[in-house]
Amino acid sequence: MAARVVVLAAPSGAGKTTIARALRTRRPDEFGYSVSGTTRRARPGERDGEAYHFLTRDEFLGRQAAGEFLESTQYAGELYGTLRSEVERVLHAGKHVVLDVEVEGARQVRKAYPRPASVVFFVIPPSPRVLIERLRKRRTESEAELARRIDIATGEVETAARELGDVYDHVLVNDDLDAAVSEVIELVQGGGRASDRDAPRDMKSVLSTFVRQLKREAPQLKPSTGRSR
Ligand code: ADP
Ligand code: 5GP
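From a predicted model like this one, the values you see are computed outputs, not experimental measurements.

A. Molecular detail of the overall build of the chain. Secondary structure assignment for the chain yields nine helices and nine strands. Along the first, second and third principal axes, the C-alpha set of the chain runs to 50 × 45 × 30 Å. Here the chain, with 229 residues, has 49% of them falling under the buried criterion. Restricting the contact set of the chain to residue pairs at least 6 apart, pairs at least 24 apart contribute 71%. Of the roughly 11200 Å² of accessible surface on the chain, 49% is carried by carbon and sulfur atoms. Positive and negative side-chain charges in the chain, numbering 38 and 34 respectively, have mean positions lying 3 Å apart.

B. Representation of the site of ligand 2 within the structure. Close to ligand 2 lie 17 residues; Ser36, Arg40, Tyr52, Tyr80 and Asp100 are nearest. Between an oxygen atom of ligand 2 and a side-chain N or O atom of tyrosine 80, the distance comes to 2.6 Å. A distance of 3.4 Å separates an oxygen atom of ligand 2 from a polar backbone atom of valine 101. Relative to its free-state accessible area of 510 Å², ligand 2 is covered by the protein chains to the extent of 97%. Those elements that place two or more of their residues in the shell around ligand 2 are strand S5 (69–75), strand S6 (78–83) and strand S7 (96–101).

C. Summary view of the site of ligand 1. Gly13, Thr17, Thr18, Arg138 and Asn174 are the nearest of the 13 residues found near ligand 1. Separating an oxygen atom of ligand 1 from a backbone N or O atom of glycine 13 is a distance of 2.8 Å. Here an oxygen atom of ligand 1 sits 2.5 Å away from a polar atom, N or O, in the side chain of threonine 18. Computed on the free molecule, ligand 1 has an accessible area of 560 Å², of which 74% lies beneath the protein chains in the complex. Elements that contribute at least two residues to the shell around ligand 1 include exactly helix H1 (16–26) and helix H5 (128–138). In terms of residue class, the shell around ligand 1 is made up of three nonpolar, six polar and four charged.

D. Representation of the packing of aromatic side chains. All chains considered together, the criterion is met by five aromatic pairs. Taking the centre distance of 4.4 Å and the plane angle of 20 degrees together, the rings of phenylalanine 60 and phenylalanine 69 count as stacked. Since its relative accessible area comes to 0%, phenylalanine 60 is described here as buried. Here a set of aromatic residues connected by ring pairs shows up, and it is made of Tyr52, Phe54, Tyr75 and Tyr80.

E. Fine view of the environment of arginine 40. Relative to the helices and strands, arginine 40 is located in the loop between strand S3 (37–38) and strand S4 (53–54). Once the C-alpha coordinates of arginine 40 and alanine 76 are considered, the two residues, 36 residues apart in sequence, prove to be 9.4 Å apart. Residue contacts for arginine 40: discarding those within four places in its chain leaves Glu46, Tyr52, Phe54, Glu78, Tyr80 and Arg149. Engagement of the side chain of arginine 40 in a polar contact is seen with the side chain of glutamate 46, the distance being 2.8 Å.

F. Expanded view of the sheet that holds S3. Taken in spatial order, the four strands make up an open sheet running S4-S3-S6-S5, and their pairing is mixed. Bordering the open sheet on either side are S4 and S5, each of which pairs with just one other strand. For S3 and S6, the ladder comprises two bridges, and the chain directions are antiparallel. What sits directly across from threonine 38, in S6, is tyrosine 80.

G. Structural context of the sheet that holds S7. The parallel open sheet is built from five strands, whose spatial order is S2-S7-S1-S8-S9. The open sheet terminates on both sides in strands that have one partner only, identified here as strand S2 (31–33) and strand S9 (170–173). Across the sheet, the axes of successive neighbouring strands diverge by a mean angle of 30 degrees, strand direction being ignored. Lying over the sheet, helix H3 (residues 84–92) contacts strand S1 (5–9), S2 and S7, oriented at roughly 150 degrees with respect to S7. In this fold helix H7 (residues 177–190) packs onto S1, S2, S7, strand S8 (118–124) and S9, with an angle of close to 160 degrees to the strand it touches most, S9.

Calculation rules
Residues numbered from 1 in each chain as written. Chains lettered and ligands numbered in written order. Predicted model: local features only at pLDDT ≥ 70, side-chain atom pairs only at ≥ 80, totals over all residues. Heavy atoms only, no water. Helix = DSSP H or I, 4+ residues; strand = E, 2+ residues; numbered from the N terminus. Buried < 20%, exposed > 50% of the residue type's maximum accessible area, 1.4 Å probe, protein only. Contact = heavy atoms within 4.5 Å. Areas by Shrake-Rupley, 256 points an atom, 1.4 Å probe, with all protein chains shown as cover. Lys, Arg positive; Asp, Glu negative; His and termini not counted. Charge placed at Lys NZ, Arg CZ, Asp CG, Glu CD. Near = heavy atom within 4 Å. Polar contact = N/O pair within 3.5 Å; in protein donor to acceptor, adjacent residues only side chain to side chain. Nonpolar A, V, L, I, M, F, W, Y, C, P; charged D, E, K, R; others polar. Phe/Tyr/Trp six-rings, centres within 6.5 Å; stacked < 30°, edge-to-face > 60°. Pairing = 2+ DSSP bridges. Axes fitted to C-alpha atoms, helices over the stretch in contact; angles between N-to-C directions.

Here it is as structure tokens:
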């Protein structure tokens, strides 16, 4: 089967990075990763050229003006973008290329690579509570940044619910990691899943319920409440 562009979009903390890493570990000959460019600061443990290409704002804007990005966006005040060279490097090696992007990027990639050249997933954790717990446990953001990410997440899940079937081919619930990774492999290699074709409205209602619960949980995260579970 031809190498495809595999897009993982999700709210921050849903597990895109973890799934992308597991895909490469489990199937190194079949899946490669597109390393994005970003202006955000590296987290402890993140290496330049591996997690991201860490760029200054000027470098990013220069490369953008030169047409080096397939897509780019602003997220939480920082610039992020997929480099054409990264996608082409992996596709030319005959591997599926995994992209970890937010919803605006997913829309742009879908346009550049229409079905079946791309397969686009929206990843959610089993519940908003788990999302918040995973973000907290990761310990990579301050309380204020965390609250901001949760605010953005609400809008992202609403967008995904609207764009199901158009931009998004599948909703992936990342509960058990191995199961989620197996599902991605199967859907990328096999092309489809009966439940998605039969029940797009079910997926829409899963996302709508998630948004409702997230809106209820989000206020607990505001630093001013002082709550820190
Ligand atoms: P994202 O890239 O979507 O922001 P990460 O991959 O960084 O999310 O995951 C957020 C946190 O959740 C990380 O600490 C990660 O180890 C954890 N995590 C991811 N997937 C799972 C899973 N299936 N079960 C338990 N913890 C997970
Ligand atoms: P983080 O700062 O947590 O690594 O990423 C923040 C958000 O930016 C996540 O939703 C992530 O998927 C998204 N992101 C990372 N790289 C890219 C990219 O190249 N393009 C777009 N559009 N979003 C990206």
